Amino acid sequence: MSQGDHATGIVLFAHGSSVEEANEGVRELANQVQALGVYRYVRAAFLDLAHPDLAEAVAQAGEAGFPHIIVIPY
């Protein structure tokens, strides 16, 4: 496992569902990835039917002080 990059935020980008439990599963995965400690900021974002959307999630990462953001399709 690498040392990680503490200046990079990760956004897991999922489609989104009208079933909130499905959306919560993506958020939980983001929490688990963050708990590994390689990246300090890992959040979920959604294309449709859930929040935050991608633009909102990227803005939140920037506001949190992460100048580099990697968006990973889920």
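That block above? That's the structure.
Residues numbered from 1 in each chain as written. Predicted model: local features only at pLDDT ≥ 70, side-chain atom pairs only at ≥ 80, totals over all residues. Heavy atoms only, no water.

A. Quick peek at the pattern of salt bridges. Going through the model one piece at a time under the given rule, you end up with two salt bridges. A salt bridge links Arg-27 to Glu-20, with the nearest nitrogen and oxygen atoms 2.5 Å apart. (Salt bridge = Lys/Arg side-chain N within 4 Å of Asp/Glu carboxyl O.)

B. Here's a closer look at the pairing of strand β1 (residues 8-14). The element β1 is extensively covered by neighbouring structure, given that six of its seven residues are classed as buried. Examined bridge by bridge, β1 and strand β2 (residues 41-46) share six bridges and lie parallel to one another. When the bridges of β2 are listed, Ala-14 appears paired with Phe-46. In terms of handedness, the path from β1 via helix α1 (residues 20-35) over to β2 forms a crossover that is right-handed. (Buried < 20%, exposed > 50% of the residue type's maximum accessible area, 1.4 Å probe, protein only. Helix = DSSP H or I, 4+ residues; strand = E, 2+ residues; numbered from the N terminus. Pairing = 2+ DSSP bridges. Right-handed = clockwise from strand over helix to strand, strands pointing away.)

C. Main features of the packing of aromatic side chains. Taken as a whole, this structure holds one aromatic pair when the rule is applied. Judged by centre distance (4.9 Å) and plane angle (40°), the ring pair of Tyr-41 and Phe-66 falls under tilted. You can see Tyr-41 sitting in strand β2 and its partner Phe-66 sitting in the loop between α2 (54-63) and β3 (68-73), a full 25 residues away along the chain. Directly above the aromatic system of Tyr-41 lies the positively charged group of Arg-43, at a separation of 4.1 Å from the ring centroid. (Phe/Tyr/Trp six-rings, centres within 6.5 Å; stacked < 30°, edge-to-face > 60°. Lys NZ or Arg CZ within 6 Å of the ring centre and 35° of its normal.)

Take it as geometry only, folks, not as evidence of what the structure does.
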